[in-house]
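Residues per chain are reported as follows:
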There are 2 protein chains.
Amino acid sequence: MAKNSNQIIKNLSTDCVIFGFDNSELKVLVIKLAVEPGKGEWALPGSNILQEENLDIAAKRVLKELTGLDNVYMEQLYTFGDVYRFPLFRVVTVAYFALVKIEDYKPEPGPKVSDAQWFSIKKLPKLPFDHNEIINYALKRLKQRVRIRPIGFELLPLKFTLSQLQNLYETIMDFDMDKRNFRKKILGMNVLVPLEKQKGVPHRAAKLYRFDKRKYDSLKEKGYNFEI
Amino acid sequence: MAKNSNQIIKNLSTDCVIFGFDNSELKVLVIKLAVEPGKGEWALPGSNILQEENLDIAAKRVLKELTGLDNVYMEQLYTFGDVYRFPLFRVVTVAYFALVKIEDYKPEPGPKVSDAQWFSIKKLPKLPFDHNEIINYALKRLKQRVRIRPIGFELLPLKFTLSQLQNLYETIMDFDMDKRNFRKKILGMNVLVPLEKQKGVPHRAAKLYRFDKRKYDSLKEKGYNFEI
DNA sequence: GATAAATATTGTAAAAAATACACTAAGAAA
DNA sequence: TTTCTTAGTGTATTTTTTACAATATTTATC
């Protein structure tokens, strides 16, 4: 073999739980594989890791190859390695989760993928292997994260209203919040920049906001608290 | 080859950061390997994962084989997989951290280990590979965990005084707390059982407590909060 | 152009939690 | 009996969280 760099590591893969939010439901993107193994089944996008590829890079590559998604929030989730999780031979998978602005996502399934679809987290089909377990774990993590770090914005359009944001939080955390208290708290974090008003809505137009990542980063440095 | 079950997976290992507390300092147990690779160097206990072995089991086995430790608190930490983290060939390592009652620990280094030693987290030697990075990551995680879940007990003797406990928290989190407020909070969690008094101390004897895991589990079920 | 419909926006009082703070108690040793 | 050392305890203040409802803006409709 001429070069090593493109060889796969047979026992190691990465899988990604991709969350999106469509203004009413939390969704997960699953794909239908066009090739074996797993051909025809809905599954998490995942693939082997290459010999000369860091884990984070592999996770990004796989996401891009299978869904066309690029430049999204990603975080290592957990490593799942039960002996029989994959039926053919031993595969340990390093799972990641990603947060996607669902509006921006134009499905571009790669050549190995015959279909890609958002499923509501509440109406997921049975997926092969331990993929349902991985999603549950990711959801648990997302619920924790969203409470203590302002990452919810990654699921919203660049400009959003406070109602959209509250709705997102309520959907993820699965309980309602008081509107006034929510606004006080979120604006008090000083990471939202007010913009112009919404246009074309058939009622009072809400103010739009964007997330100020620079400000967030600098406040984080100083040890600020972002609990909601 | 007759059987597969004892074969190692060449590209996969597990490493463990073992924390202990000696009533004044937070410590990490590192071992000196008696065999190559890494012979003679202080390093985290770690080893390859076997073909037919779950990750958690592998982590426990390795800990036991290399240090004699058994039946300790363990949690998967993170998976480190930079291409060149191990110089000879590609090895991805699933890191764990463990919490040990340091008093109970009678070092029983296994045959592959020539020495085992507790180092203060503040005076760690330079370890090979990315082991220092793994320890830093583990420390960060421990600091988070200890704030929100009563796992500090795992580092103390079964019976301990509130002063010991406070001291532990202060050492890990790296700041001082008010004695009265600390007591109020920790006793308010309702997971400590008061026992008899200390004996043989040359001053007023403090009351001993033990952690009530059953109670903790049942309160956790009900969604109680254990933030300190 | 008045009214209805829909969503946006805003403040305050009460309750709960966190904080700050210092003296007395107990036991051993001198 | 005095000293030394650590254990143990309560309250007032501040801060944070919670609960709660009326007015404002815009478009659509009659």
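Criteria and cut-off values
Residues numbered from 1 in each chain as written. Chains lettered and ligands numbered in written order. Predicted model: local features only at pLDDT ≥ 70, side-chain atom pairs only at ≥ 80, totals over all residues. Heavy atoms only, no water. Near = heavy atom within 4 Å. Polar contact = N/O pair within 3.5 Å; in protein donor to acceptor, adjacent residues only side chain to side chain. Helix = DSSP H or I, 4+ residues; strand = E, 2+ residues; numbered from the N terminus. Nonpolar A, V, L, I, M, F, W, Y, C, P; charged D, E, K, R; others polar. Buried < 20%, exposed > 50% of the residue type's maximum accessible area, 1.4 Å probe, protein only. Least-squares fit on C-alpha atoms with pLDDT ≥ 70 in both. Contact = heavy atoms within 4.5 Å. Salt bridge = Lys/Arg side-chain N within 4 Å of Asp/Glu carboxyl O. Axes fitted to C-alpha atoms, helices over the stretch in contact; angles between N-to-C directions. Parallel < 35°, antiparallel > 145°, perpendicular 65-115°, else oblique. Pairing = 2+ DSSP bridges. Domains from an automatic or database assignment.

Examining the protein's contact with DNA strand D
So, point 1. Close to DNA strand D lie 19 residues; A:Asn181, A:Arg204, B:Ser163, B:Lys184 and B:Lys207 are nearest.
So, point 2. Close to the protein, within 4 Å, the atoms of DNA strand D belong to sugar or phosphate groups at a rate of 41%.
So, point 3. Contacts to DNA strand D include A:Arg180, whose side-chain N or O atom sits 3.3 Å from a base nitrogen.
So, point 4. One of the backbone nitrogen or oxygen atoms of B:Lys207 is found 2.9 Å away from a phosphate oxygen of DNA strand D.
So, point 5. Those elements that provide at least two residues to the surface near DNA strand D are helix 4 (179–188) of chain A together with helix 4 (179–188) of chain B.
So, point 6. Top element by residues in the surface near DNA strand D is helix 4 of chain B. It accounts for four residues.
So, point 7. Here the surface near DNA strand D is built from residues that sort into four nonpolar, four polar and eleven charged.

Considering the environment of B:Phe211
Residue and element names in this part refer to chain B.
So, point 1. With respect to the helices, strands and loops of the structure, Phe 211 is situated in strand 10 (residues 207–211).
So, point 2. Looking at Phe 211, the relative accessible area reads 16%, which means it is buried.
So, point 3. A sequence separation of 194 residues divides Phe 211 from Val 17, and the C-alpha atoms of the two residues are 23 Å apart.

Concerning unusual backbone geometry
Residues and elements named next belong to chain A.
So, point 1. Notably, Asn 71 is not glycine yet its phi reads approximately 60 degrees, a positive angle.
So, point 2. With respect to the helices and strands, the residue Asn 71 is situated in the loop between helix 1 (55–67) and strand 5 (73–80).
So, point 3. For Asp 174, which is not glycine, the phi torsion reads 70 degrees and is therefore positive.

Quick look at the relation of the copies chain B and chain A
So, point 1. Superposing chain B onto chain A takes a rotation of 180 degrees combined with a translation of 0.0 Å along the rotation axis, leaving an RMSD of 0.0 Å. Interpreted geometrically, this transformation is the action of a two-fold axis.
So, point 2. Residue by residue, 100% of the interface of chain B is reproduced at the interface of chain A, so both copies engage with the same surface.

A short note on the pattern of salt bridges
So, point 1. Under the definition given, this model contains 24 salt bridges over all chains.
So, point 2. A:Arg141 is paired through a salt bridge with A:Glu75; the nearest N and O atoms lie 3.8 Å apart. A residue pair is termed long-range when its members are at least 10 positions apart, and A:Arg141 in helix 2 (residues 131–148) and A:Glu75 in strand 5 qualify at 66 residues.
So, point 3. Classification of A:Glu75 by relative accessible area gives buried; the value is 12%.
So, point 4. Here B:Asp217 ties to B:Lys213 by a salt bridge, and the two come within 3.3 Å at their closest N and O atoms. In this pair, B:Asp217 and B:Lys213 are both assigned in helix 5 (residues 213–221), four residues apart and thus about one turn of the helix distant.
So, point 5. Members of the salt-bridge network, linked through shared partners, are A:Asp15, A:Arg85 and A:Asp130.

Points about the packing of helix 3 (residues 162–173) of chain B against helix 4 of chain B
Residue and element names in this part refer to chain B.
So, point 1. Viewed as axis vectors pointing N to C, helix 3 and helix 4 meet at an angle of 100 degrees, and their least axial separation amounts to 11 Å. Taken together, the axes of helix 3 and helix 4 lie roughly perpendicular to each other. Along the contact surface, helix 3 presents Leu 162, Ser 163, Leu 165, Gln 166 and Tyr 169, while helix 4 presents Lys 179, Phe 182, Arg 183, Ile 186 and Leu 187.
So, point 2. Looking at side-chain class alone, the contact of helix 3 with helix 4 contains six nonpolar, two polar and two charged residues.

Side note on the sheet that holds strand 8 (residues 160–161) of chain B
Residue and element names in this part refer to chain B.
So, point 1. Strand order in the open sheet formed by three strands is 8-10-9, with antiparallel pairing between adjacent strands. Two strands close off the open sheet at either side, each with one partner strand: strand 8 and strand 9 (192–197).
So, point 2. Inspection of the sheet shows strand 8 paired to strand 10 by two bridges, in the antiparallel sense. Residue pairing in the sheet places Thr 161 in a bridge with Leu 208 of strand 10.

Examining the domain arrangement of chain A
Residues and elements named next belong to chain A.
So, point 1. Domain parsing of chain A yields domain 1 (8–148) and domain 2 (150–221).
So, point 2. Measuring from the centre of the C-alpha atoms in domain 1 to the corresponding centre in domain 2 gives 27 Å.
So, point 3. At the junction of domain 1 with domain 2, the criterion picks out one salt bridge.
So, point 4. A salt bridge links Asp 174 to Lys 122, with the nearest nitrogen and oxygen atoms 4.0 Å apart.
So, point 5. Along the contact surface separating domain 1 from domain 2 lie four residue pairs in polar contact (both at pLDDT 80 or more).
So, point 6. Residue assignment for the side of domain 1 that touches domain 2 shows that the elements contributing at least two residues are strand 1 (8–21) and helix 2.

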